Amino acid sequence: MSQWASITDISTSVQSGSVTATELVERALSAITDATEFQAIIATTEVRARERAASIDERVKKGEMIGRLAGVPFIAKDNFLVFGAETTAASNILKGFTAPYQATAVERLEAEGAICVAKANLDAFAHGGSTENSDFFTTKNPHNSEYVPGGSSGGSAAAIALDLAPFSLGTDTGGSIRQPASFTGIVGLKPTYGLVSRSGVVAMASSTDVIGPITRTVEDAAVVLDVMSGKDDLDGTTIEKNREGYASLTDAGSVSGKRIGIITEYLGQGLAPEVRAVLDATTSKLQAAGAQIIEISLPTLPMALAVYYIVCPAEISSNLGRYDGQRFGHSASEATNLDESYKLSRGQGFGKEAKRRIMIGTYVLSSGYYDAYYKQAQTVRTKISNEFAAAFEKVDFLIGPVAPTTAFKIGENVSDPLQMYLSDVMTVGANLSGIPAISIPAGMVNELPVGIQIMAGHNEDRALLQIAKQTEELLG
Amino acid sequence: MSTISRDDILKLAQLARLELSDAEVTEYSKELTEIVEYVEQLNSVDVTGLKPTFYGSSQTNVYREDIIKDYGYATEELRKNVPSVESDHIKVRRMIG
């Protein structure tokens, strides 16, 4: 059982004075201290969190309305700019960086009374699927510490599985919220591209980066999304939120009559039989509840991973150009001229995976290869998006596994980058086409959690959350 | 099939301004060759008549007035992160011989 009530209930209790924000922050901080062996957290923001809690408690005493997240503690992935601790993106090159301003998502959460208590571990710059690419340490899976928690939002996911806070924030560029959510048995939402402002979040691949909540329940994810989403002047790609918002999913009704497509192509691609069994059990329950389950083919989808591993490194090589050792971040003191300063600062400051991706990106964007790789990949991307759009003409939702397997062992894939990339094979499609997708816990296999993934069409985040909540209830 | 040689890696590293160790050059030569082999399957996809998708959203340019806005943080805060500062300026290495 969780030590946290639902986010809405916590907020109501703080507002009514039956629990104080200070008690909640202390509870989160002590849970963090008790769970240090899992290494989910890079740093706490305890001084600022305590100050904010005290100020919220003061305001409650004065009878002021705090907001919809009054006193609710949360943990941000360490690629969010947050006051009260360094922002490192788990990289050596950003070690020591203090945020001059906060991410819009964090500002919006704070405006409703939420309190950031800590920064969570990740694969450095969010490059990876296990947290093993963190320049600092590897987070352990709360269900079995010999296994990875997934990644790149592995620290954020482990933190919720460990019950350290009511919710955490992650980023999802190719599956980085959904895959760790599946590996640790919690809920992870990747909203429609542009629904949550990326201002103040360390950029990875700008055409697929999204921000989303990691929670214990779908209802909690909906509340957090509702607060964070919508247009922001500081991010030109942001879109308006749904007029009804995303919270209060009680009008969800029944799954009866909903058309849900199982993606044929996801049933191959090395899908472990035990993960398949969990998916089948889930679709059987949906069918028994009246949903129409239809197998549907997206023939170009198996190419999504190859597209992703061109597009993503290309954008990474460009986005990481700003780490030049001059304005912020690690700077090689021994350099004698500017060129040497760039090369040494970057060579010393970036970890292996960041360098690998910069190299791939530079290769596919370099003259002579641009058309063959980058342009071809972006055109195949169009084909994949068209196939998703055609699928959503026939069905309301798509369902499938999140990853081909359950969590893998720490160290198992580190020597083979391509094998590591394959853990994203079922999640990257949603990123390339920008559609929303969610991972919800669906069962356990060999004492490790398995999630299932549900996807919906563009801007159908509310409908997605509703079906996810219904499925969550069916799975009990 | 493309092989990415050590020379190719050195050239890319120069373009990307990355100092690599000898071991890294060898390693990346092998790994990039494997990754490029994997992504070459994309050449088999028929994309006749399709245009590339370069952006995450279908929005075109988003315009705004060019006005000065106060985002509430001081130059001090930005300067804290600068590796080398001299009398209010960011100090960089010599560029010209």
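Scroll up to find the structure.
Residues numbered from 1 in each chain as written. Chains lettered and ligands numbered in written order. Predicted model: local features only at pLDDT ≥ 70, side-chain atom pairs only at ≥ 80, totals over all residues.

Asker: Account for the pairing of strand 6 (residues 210–215) of chain A, naming residues and giving values.
Answerer: Residues and elements named next belong to chain A. Of all six residues in strand 6, six are buried; the element is thus mostly enclosed. Across six bridges, strand 4 (residues 167–172) lies against strand 6 in antiparallel orientation. Residue pairing for strand 6: glycine 170 is matched across the bridge by glycine 212. Direction of pairing for strand 5 (residues 187–190) relative to strand 6: antiparallel, over a ladder of two bridges. Residue pairing for strand 6: glycine 188 is matched across the bridge by isoleucine 214. (Buried ≥ 20, exposed ≤ 12 C-beta atoms within 10 Å, placed from the backbone. Helix = DSSP H or I, 4+ residues; strand = E, 2+ residues; numbered from the N terminus. Pairing = 2+ DSSP bridges.)

Asker: Go over the environment of leucine 448 of chain A with me, naming the residues and quoting the values.
Answerer: Residues and elements named next belong to chain A. Inspection of the secondary structure puts leucine 448 in strand 11 (residues 448–455). Sequence separation between leucine 448 and threonine 382 is 66 residues; the distance between their C-alpha atoms is 36 Å. Once you skip the residues sitting within four places of it in the chain, leucine 448 turns out to touch His143, Asn144, Tyr147, Thr406 and Ala407. (Contact = placed C-beta atoms within 7 Å.)

Asker: I'd like to hear about the sheet that holds strand 1 (residues 41–44) of chain A, residue by residue, with values.
Answerer: Residue and element names in this part refer to chain A. On the basis of which strands lie adjacent, the open sheet formed by 11 strands has the order 1-3-2-4-6-5-10-11-9-7-8 and mixed pairing. Bordering the open sheet on either side are strand 1 and strand 8 (292–296), each of which pairs with just one other strand. Put simply, the sheet's adjacent strands are angled 30 degrees from each other on average, direction ignored. When strand 9 (residues 397–401) meets strand 11, the two strands line up antiparallel, connected through four bridges. The residue bridging glycine 400 from the neighbouring strand is glutamine 453, located in strand 11. Against the sheet, helix 5 (residues 154–161) engages strand 1, strand 2 (73–77), strand 3 (115–120), strand 4, strand 5 and strand 6, with an angle of about 155 degrees to strand 4. Across the face of the sheet, helix 8 (residues 273–288) comes into contact with strand 7 (259–263), strand 8, strand 9, strand 10 (437–445) and strand 11 while running at roughly 110 degrees to strand 10. (Axes fitted to C-alpha atoms, helices over the stretch in contact; angles between N-to-C directions.)

Asker: Describe in detail the pairing of strand 9 of chain A, supporting the description with residues and values.
Answerer: All names here are of chain A. Among the five residues in strand 9, five count as buried, and that is most of the element. Direction of pairing for strand 7 relative to strand 9: parallel, over a ladder of three bridges. The partner of isoleucine 262 across the bridge, within strand 9, is isoleucine 399.

Asker: Before we move on, can you summarise the packing of helix 7 (residues 218–228) of chain A against helix 15 (residues 461–475) of chain A with the specific residues and values?
Answerer: All names here are of chain A. One way to put it is that helix 7 packs onto helix 15 with a least axis distance of 9 Å and a crossing angle of 160 degrees. The orientation of helix 7 relative to helix 15 falls into the category roughly antiparallel. At the point where helix 7 passes helix 15, the crossing takes the left-handed sense. Residue-level inspection shows Val218, Glu219, Ala221, Ala222 and Leu225 of helix 7 in contact with helix 15, the latter providing Asp461, Leu465, Ala468, Lys469 and Glu472. Taken together, the residues that form the contact of helix 7 with helix 15 break down as six nonpolar, no polar and four charged. (Parallel < 35°, antiparallel > 145°, perpendicular 65-115°, else oblique. Left-handed = near helix turned anticlockwise from the far one by under 90°. Nonpolar A, V, L, I, M, F, W, Y, C, P; charged D, E, K, R; others polar.)

Asker: Break down the nonpolar core for me, with residues and values.
Answerer: Residues and elements named next belong to chain A. Formed by 163 residues in total, the largest nonpolar core has its most connected members in Phe74, Val117, Ala159, Val307, Ile310 and Ile454. For this core, the element with the most residues is helix 9 (residues 304–319), which contributes 11 residues. Look past the residues within four positions of alanine 159 in its chain and what remains in contact with it is Ala40, Ile41, Ile75, Ala120, Leu164, Ala165 and Ser168. Tyr147, Val148, Ala407 and Ile410 belong to the second largest nonpolar core, which has six residues in total. (Core = buried A, V, L, I, M, F, W, Y, C linked by C-beta atoms within 7 Å.)

Asker: Go over the interface of chain A and chain B with me, naming the residues and quoting the values.
Answerer: With 54 residues of chain A at the interface, the matching set in chain B holds 45 residues. Residue assignment for the side of chain A that touches chain B shows that the elements contributing at least two residues are helix 9, helix 10 (338–349), helix 11 (352–365), helix 12 (370–394) and helix 13 (417–421) of chain A. Counting residues per element, the side of chain A that touches chain B draws most heavily on helix 12 of chain A, at 11 residues. The residue makeup of the side of chain A that touches chain B, split by class, is 23 nonpolar, 22 polar and nine charged.

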